[in-house]
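Examination of the molecular architecture
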Amino acid sequence: MTKKSSYTTDGKVVTLSSEKDVNLRLAEIIGKKFSDYRDEWDKANNMEIVTDFPLFLHLDMNQECNYKCPHCIIGTPAEVKEYYEGDYINFDSFKKIIDEGSEHNCPSMEPQGNNEPFLIKDLHKYIEYAHKKGFIDIMLNNNGSALTSKRSSQVLDSGLTRLRFSLDAHTPETYSKVRVGSIPLERVIRNIETFLELRAKGNYKLPLVGVSFCKMKQNEHELDDFINFWKNKVDMISVQTYVPPTPNIDKYKIYYSTDQLNSEPINEFKCVQPFQRVVIKNQSIAPCCVSFNKNLIIGQIGKKGAIHKAWNSEKMNNIRDLHKRGEFYLDKTCNDCVNLIYPNNQIPRN
């Protein structure tokens, strides 16, 4: 597999892809409109342009999961309550969001955030709606526990572009420690293999399928085995740097991988998420995916044109200007986030 950064904002995700870069493969399948969208994405990533509407709608639909992983915010309901407000996104709200995106030719979206998306009944209907409304790059992360053969068939017909399974382990022993409350790893692997078999039998080109490994102290010893096991099975493997879900260093520092703590203190950092996307957390519109960004909320969904208004608001423009200058430290939330991603080696460990 070839190392390639793909759909990453700050270097914390590296994607290993078989054959060729994932986006090149998707361009061959989908065509020029996908290439044009990725060209625009690259310009936004380089902070060369600010589009009239976000290129990516990231929908944190709800905060429900059948796992309670200790390194994730969902594992601590009190933290979820502290950082998330408002009603979950139902199908009617979802359609309004997608309709606005469609009006502005938004090319990409993800109906999933801090949750297990397949706990949503008829999730494929959400994906189908976005696909029929013109979204050409629809992606989804899941834990693989609820993807039955029936739901796999529904997903294959939905228009989904990328499907990634978050595993974080190679052995059942490690899996049970980092994916608390999970079904057995062998059942998850069977679910993934079933999906791949159905895709092959039906001659589906999409979605491209990947697995992900969030590298932590508790699983870092299994990374090479994980890659070797999956490299000939899936289209891509994502290796993610661990990022604590809240600024509570004392609680989450035990999950930092060994090499992550050797990072030098960061003096300049430019986050490009405000140039790419908005994240809709229940009813709130935010400029980034970090869980604890309540002070950065730029709008609320509900009224017609709410996303466009939030994207072009003075507050959003100020956030973009701050990061274009590399002065992340002037905003407390951004400063906390950067220091969580790149902790220096002076942080005490248990």
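In this text the structure is predicted, and so the values were computed from the model without any measurement.

So, how was this worked out
- Residues numbered from 1 in each chain as written.
- Predicted model: local features only at pLDDT ≥ 70, side-chain atom pairs only at ≥ 80, totals over all residues.
- Heavy atoms only, no water.
- Buried < 20%, exposed > 50% of the residue type's maximum accessible area, 1.4 Å probe, protein only.
- Helix = DSSP H or I, 4+ residues; strand = E, 2+ residues; numbered from the N terminus.
- Pairing = 2+ DSSP bridges.
- Salt bridge = Lys/Arg side-chain N within 4 Å of Asp/Glu carboxyl O.
- Lys, Arg positive; Asp, Glu negative; His and termini not counted.
- Polar contact = N/O pair within 3.5 Å; in protein donor to acceptor, adjacent residues only side chain to side chain.
- Phe/Tyr/Trp six-rings, centres within 6.5 Å; stacked < 30°, edge-to-face > 60°.

A few words now on the pairing of strand E3 (residues 56-60). Of all the five residues making up E3, five are buried; the element is thus mostly covered by neighbouring parts of the structure. Taking every second residue as pointing to the same face, both faces of E3 are buried, with Phe56, His58 and Asp60 on one and Leu57 and Leu59 on the other. Alignment of E3 against strand E4 (residues 108-110), held across three bridges, turns out to be parallel. Opposite His58, over in E4, you have Glu110 as the bridge partner. When E3 meets strand E9 (residues 277-281), the two strands line up parallel, connected through five bridges.

It is worth spelling out unusual backbone geometry at this point. With glycine set apart, most residues show a phi of negative sign, and most peptide bonds adopt trans. The peptide bond linking Leu206 to Pro207 adopts the cis configuration, its omega dihedral lying at 5°. Mapped onto the elements, Pro207 comes out in the loop between helix H8 (185-201) and strand E7 (208-215). Phi at Asp122 takes a positive value of approximately 55°, unusual for a residue other than glycine. Along the chain, Asp122 falls in the loop between E4 and helix H5 (123-132).

Right, let's get into the pattern of salt bridges. Taken as a whole and judged by the stated rule, the model has 16 salt bridges. In this structure, the salt-bridge partner of Glu79 is Lys251, at a minimum N-O distance of 3.6 Å. Placement of Glu79 in helix H3 (residues 77-83) and of Lys251 in helix H10 (residues 249-252) is noted, with a sequence separation of 172 residues between them. By relative accessible area, Lys251 is classed as partly exposed at 30%. Linking Arg162 and Asp137 is a salt bridge whose minimum nitrogen-to-oxygen distance equals 2.7 Å. Residue Arg162 is found in strand E6 (residues 162-166), and its partner Asp137 is found in strand E5 (residues 137-142); the two are separated by 25 residues along the sequence. Here Arg162 falls in the buried class, since its relative accessible area comes to 7%. A residue is classified by how much of its surface remains accessible, and Asp137, at 0% relative accessible area, is buried.

So, on to the side chain of Arg38. Mapped onto the elements, Arg38 comes out in helix H2 (residues 32-45). Buried charged residue Arg38 carries no salt bridge. Nearest counter-charge: Asp137, at 4.3 Å. For Arg38, the side chain forms a polar contact with the side chain of Tyr37, separated by 3.2 Å.

For the coordinates displayed, the defined rule picks out 16 aromatic pairs. Relative to Phe94, the ring of Phe91 has its centre 6.3 Å away and its plane inclined at 15°; by these criteria the two rings are stacked. In this pair, Phe91 and Phe94 both sit in helix H4 (residues 91-103), three residues apart, roughly one turn of the helix. Given a relative accessible area of 28%, Phe91 falls into the partly exposed group.

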